[in-house]
Amino acid sequence: MANALLIVIDGPAGAGKSTVARRLADHYGLPTLDTGAIYRALALMARERGVAWSDEEGLAALADELPLRFVAEPDAAQRVELAGRDVTAAIRTPEISEGASKVSAHPAVRRALLGIQRRLGAAGCVAEGRDLGSVVFPDAPFKFFLTADDRVRAARRLSELPAGLPLEQVLQDLQRRDERDQSRAAAPLVQAPDAVRVDSTGLDLDEVVSAIMAAVDGRQRAD
């Protein structure tokens, strides 16, 4: 498979983008690009340095120097390092998830991180996020929008979190984040006009991955 192959997957939280992206990347021999991890890392860095998630100018300055690195792990999700420190687990807490949604709403932050995302995806990858097909990689040949029913997404997210959290709380947090992501002025969460919509509500992982691979392979044969 050509190294320049670029597959982008947008969609709301809990739709299964990360897992699907890893499976596709393994199949096509490509790296993954989790753009959400970039915003999460920025939110974590801001929290540790005392920069408020509402401070657009301060966050943009941090984004310009974000010491982020993705490290491939055999047979596992890639590791995320911030200034050489493994923050893979630290950026997945509910608090940092909320922070990522808040910092990503700032236009200056999105502009500062746009170049990083495009540089990381330039050689080909399977990228997942919220504005990839519409803003970051508008010319990507393969665009997908992965979604699912709200309660299904909340249940999936709950399975990734520490035990004890009620489903209703996770659902409300997810819906609040959806509203923020969809209504922000800068690069809102939308389905790109030329993206293929995949609803994973009634599908298992294999079925979702197979549907996307069929679309990619069919398009490549046609070309």
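See the structure shown above.
No experiment lies behind these values; they were computed from the predicted model shown. Counting restarts for each chain: residues are numbered from 1 in the order of the written sequence. For this predicted model, a pLDDT threshold of at least 70 governs which residues receive local features, and a threshold of 80 or more governs which side-chain atom pairs are given and counted, while totals over whole chains, interfaces and linings are taken from all residues. To get the side-chain values, take all heavy atoms of the structure and skip hydrogens and water.

1. Considerations on the overall build of the protein
- Each helix is a run of DSSP H or I of at least 4 residues and each strand a run of E of at least 2, with the numbering of both proceeding from the N terminus. Each helix and strand counted, the protein has nine helices and eight strands in total.
- In this description the radius of gyration comes from C-alpha coordinates, and the expected globular size is given by 2.2 Å times residues to the power 0.38. Relative to its length of 223 residues, the protein is compact, with a C-alpha radius of gyration of 17 Å against a globular reference of 17 Å.
- The rule is simple: take the accessible area with a 1.4 Å probe, protein chains only, and divide by the maximum for that residue type; under 20% is buried, over 50% is exposed, in between is partly exposed. Scored against the burial criterion, the 223 residues of the protein give a buried share of 48%.
- Contacts are assigned to residue pairs with any non-hydrogen atoms lying within 4.5 Å of each other. Considering only contacts within the protein whose residues lie at least 6 apart along the sequence, 73% involve residues at least 24 apart.
- Each accessible area is a Shrake-Rupley estimate made with a 1.4 Å probe; only the visible protein chains count as cover when residues are assessed. When the accessible surface of the protein is split by element, carbon and sulfur atoms take 52% of a total near 10,500 Å².
- Within the protein, one finds 28 positive and 33 negative side-chain charges whose respective centroids are separated by 2 Å. Counted as positive: Lys and Arg. Counted as negative: Asp and Glu. His and the chain ends are not counted at all. We put the charge of a Lys on NZ, of an Arg on CZ, of an Asp on CG and of a Glu on CD.

2. Details of the pattern of salt bridges
- When a carboxyl oxygen of Asp or Glu is within 4 Å of a side-chain nitrogen of Lys or Arg, the pair counts as a salt bridge. Following the criterion strictly, the structure yields 19 salt bridges and no others.
- A salt bridge links R176 to E98, with the nearest nitrogen and oxygen atoms 3.9 Å apart. In this pair, R176 is assigned in helix α8 (residues 167-183) and E98 in helix α4 (residues 94-103), connecting sequence segments 78 residues apart.
- Judged by relative accessible area, which is 40%, R176 ranks as partly exposed.

3. Some remarks on the sheet that holds strand β7 (residues 142-147)
- If DSSP finds at least two bridges between two strands, the strands pair. With parallel pairing, five strands are arranged side by side in an open sheet as β2-β6-β1-β7-β8. A strand with exactly one partner marks an edge of an open sheet, and here the two such strands are β2 (32-34) and β8 (196-199). Neighbour-to-neighbour, the strand axes of this sheet turn through a mean angle of 20°, independent of strand direction.
- Direction of pairing for β2 relative to strand β6 (residues 125-129): parallel, over a ladder of three bridges. Across the sheet, residue T32 finds its bridge partner in β6, namely V126. With axes taken as lines fitted to C-alpha atoms, and helix axes fitted only over the stretch in contact, angles between N-to-C directions fall between 0 and 180 degrees.

4. Digging into helix α5 (residues 107-121)
- In a helix, the anticipated span is given by 1.5 Å times the number of residues less one. Given a rise of 1.5 Å per residue, 15 residues ought to cover 21 Å, and the 21 Å separating the end C-alpha atoms of α5 matches this to within 8%.
- Across the chain, bend at a residue is computed as the angle between axes fitted to the seven residues ending at that point and the seven starting from it. Roughly 30° is the biggest bend found in α5, and it falls at L113.
- Every buried residue of α5 is accounted for by A108, V109, R110, L113, I116, Q117 and G121.

5. Notes on the packing of helix α2 (residues 35-49) against helix α3 (residues 56-64)
- Two numbers describe how α2 lies on α3: the axes approach to 10 Å, and their chain directions differ by 115°. Classified by the angle between their axes, α2 and α3 sit roughly perpendicular to one another. Seen along the crossing, α2 lies across α3 with a hand that is right-handed. Here α2 contributes L42, M45, A46 and R49 to the contact with α3, which in turn contributes L59, L62 and A63.
- Charged means Asp, Glu, Lys or Arg here, nonpolar means Ala, Val, Leu, Ile, Met, Phe, Trp, Tyr, Cys or Pro, and polar covers whatever is left, Gly included. Class assignment of the residues belonging to the contact of α2 with α3 gives a composition of six nonpolar, no polar and one charged. Put simply, angles under 35 degrees are roughly parallel, angles over 145 are roughly antiparallel, angles from 65 to 115 are roughly perpendicular, and the rest are oblique. Crossing handedness: left-handed means the near helix sits turned counterclockwise from the far one by under a right angle, and right-handed means the same turn made clockwise.

6. Comments concerning the nonpolar core
- Remark: nonpolar core denotes a set of buried residues (Ala, Val, Leu, Ile, Met, Phe, Trp, Tyr, Cys) joined through side-chain atoms within 4.5 Å. If you look at the biggest cluster of nonpolar residues, it comprises 35 residues, and the most contacted ones within it are L113 and F137.
- Residue assignment for this core shows that the elements contributing at least two residues are β1 (6-10), α2, α3, β4 (76-82), α4, α5, β6 and α6 (132-136).
- Per element, the largest residue contribution to this core is nine residues, and it comes from α2.
- Counting 20 residues, the second largest nonpolar core, distinct from the first, contains A21, A25, V209 and M213.

7. Looking at the side chain of R177
- Tracing the backbone through its elements, the reader meets R177 in helix α8.
- Contact partners of R177, with chain neighbours within four places excluded, come to R40, S97, A100, S101, R130 and R157.

8. Some words on unusual backbone geometry
- One non-glycine residue, A83, lies in positive phi territory at about 55°.
- As for its placement among the helices and strands, A83 is situated in the loop between β4 and β5 (85-86).
- The phi dihedral of A187 falls on the positive side, at around 50°, and the residue is not glycine.
- Note that A187 resides in the loop between α8 and β8.

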